Amino acid sequence: MGETMQLLPVHLAYFLEVARAGSVTEAGQALGVAPSAVSRQIAKLESGLGVTLFERRPRGMTLTDAGARLLAHARRAEADSVTLVGELRAGRGAEERGVCVACTEGFAHRLVPRVIAGFRREHPDVAFRLDVVPREEATRRVVEGIADVAVTYAMGPQHDVRVECAVVVPVSAVVPLGHELAGRDRIDLAELCAHPLALGSPGTSQRELFDLAAQLEGLAVHPALVCDSLAPQYAFVRAGGGLALVGELAGDPGAEGVTHVRVDHPVFRQREAQVQTAVGRRLPWSAARFTEFLVATLGAGRSSELR
């Protein structure tokens with residue numbers, strides 16, 4: 001058990017270790033205590049809460065739904081402990097602590113790195129870790145305290161995180177220069193679907209909305225390329241393979257050989273770009289200031305400054 005764990009109640013610290021190890025015996029070894037002591041603390045915690053936190057199986061301990069919810073809380077508490085101890089030890093130098101950001105691939109393409117660069121011009125001692133993950137994973141990492149802040153797409157109300165900022169982001173077709181649609185201000189879905197398309201996989205939020213919109217319009221679509229990474233989609237368009245669909249915060253307006261034409265359909269307004277932090281977590285100074293900087297950039301409509 002690390003030094004910062006001493007700030008957690010013993011039963012919560014033991015619970016965390018069992019959840020990590022999946023075994024009372026291994027948790028006891030990591031904590032330097034007898035397995036029987038670990039078992040007593042887990043039993044006491046379950047008794048006090050009135051719920052079962054682990055399913056006891058021959059091959060180890062598996063979290064129940066209640067256990068999984070407590071784990072998210074415990075990880076936030078642990079992250080707060082790490083933050084507080086670091087700030088107490090560093091004093092005013094706590095701003096030098098690194099910031100962990102989780103975001104989806106589209107935001108990692110342009111928006112988030114440029115916001116990080118802008119922030120570091122004012123705070124050059126702050127270092128960053130950027131994890132590019134699927135949208136649900138970005139939210140999960142914030143909930144569990146693995147990441148300080150997430151930038152991701154979401155649809156519908158969010159209950160497990162604090163939404164610091166939410167912006168509806170239009171979508172655009174990536175069109176090769178010289179294409180018949182290249183000079184248009186905007187196109188409708190039928191015009192887009194008349195051409196071969198590069199799209200994200202069905203699990204992505206944009207693809208889900210695109211498929212819904214196509215269904216509502218009675219359009220049968222068979223993508224020519226399915227890929228969740230933007231670089232191959234842009235290369236596909238430049239090579240004359242067809243068109244691609246991107247969120248305007250993910251697309252690169254300066255990309256060589258292509259232009260962007262907005263796609264009109266009300267269904268795309270169901271998706272929001274969100275800045276998310278953990279409910280009830282006290283962010284370290286650097287992460288809190290970066291979150292404010294990110295919200296100011298995204299929420300004030302300053303995304304054009306990142307182009």
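The preceding data block contains the structure.
What counts as what
Numbering of residues starts from 1 in every chain and runs along the sequence as written. Whole-chain, interface and lining totals are the exception, using all residues; otherwise, since this is a predicted model, local features are given only for residues with pLDDT of at least 70 and side-chain atom pairs are given and counted only at 80 or more. Side-chain measures were taken over the full set of non-hydrogen atoms in the model, leaving aside hydrogen atoms and water. Going along the chain from the N terminus, every DSSP run of H or I of four or more residues is numbered as a helix, and every run of E of two or more is numbered as a strand. Residues are treated as being in contact if the distance between any of their heavy atoms lies within 4.5 Å. Accessibility throughout is a Shrake-Rupley quantity obtained with a 1.4 Å probe, and a residue counts as covered only by protein chains that appear here. Strand pairing is assigned whenever DSSP identifies at least 2 bridges connecting the two strands. Axis definition: a line fitted to C-alpha atoms, over the contacting stretch in the case of helices. Angles run 0 to 180 degrees between N-to-C directions. Note on classification: 1.4 Å probe, protein chains only; a residue is buried when its accessible area is under 20% of the maximum for its type, exposed when over 50%, partly exposed between these limits. Two rings belonging to Phe, Tyr or Trp (six-membered ring only in the last case) form a pair when the distance between their centres is within 6.5 Å. Interplanar angles under 30 degrees mark stacking, angles over 60 mark edge-to-face geometry, and anything in between is tilted.

Re the overall build of the protein chain
So, point 1. Counting secondary structure elements, the protein chain contains 11 helices and 13 strands.
So, point 2. Counting contacts in the protein chain only where the partners sit at least 6 residues apart, residues at least 24 apart contribute 74% of the total.
So, point 3. Surface summary for the protein chain: the accessible area is close to 14,700 Å², and the carbon and sulfur share equals 50%.

Re the sheet that holds strand β13 (residues 271-278)
So, point 1. Strand order in the open sheet formed by 5 strands is β4-β3-β5-β13-β6, and the pairing between neighbours is mixed. Of all the strands in the sheet, just β4 (128-132) and β6 (161-168) have a single pairing partner and so form its edges. Across this sheet, the average inter-strand angle for adjacent strands is 25°, counted without regard to direction.
So, point 2. Where strand β5 (residues 149-155) meets β13, 6 bridges bridge the pair, whose relative direction is antiparallel. Across the sheet, the residue bridging to T152 is Q274, located in β13.

What about the side chain of R141?
So, point 1. With respect to the helices and strands, the residue R141 is situated in helix α7 (residues 135-143).
So, point 2. Since its relative accessible area comes to 19%, R141 is described here as buried.
So, point 3. Non-local contacts of R141, meaning those with residues more than four positions away in its chain, are made with A102, D131, V133, I146 and A147.

Some points on α7
Side chains of residues three or four places apart in an α-helix project in the same direction, reflecting 3.6 residues per turn.
So, point 1. Of all the residues in α7, the buried ones are R135, A138, T139, R141, V142 and V143.
So, point 2. A positive backbone phi angle near 80° is found at G145, which sits one or two residues after α7.

A short note on the packing of aromatic side chains
So, point 1. Using the criterion set out here, one finds 6 aromatic pairs in the structure.
So, point 2. Arranged with centres 5.9 Å apart and planes meeting at 90°, the rings of F119 and F128 form a pair that is edge-to-face.
So, point 3. Summarising the aromatic geometry, the rings of F119 and F290 are spaced 5.5 Å apart at their centres and angled 90° between planes, so their arrangement reads as edge-to-face. You can see F119 sitting in helix α6 (residues 111-122) and its partner F290 sitting in helix α11 (residues 285-299), a full 171 residues away along the chain.

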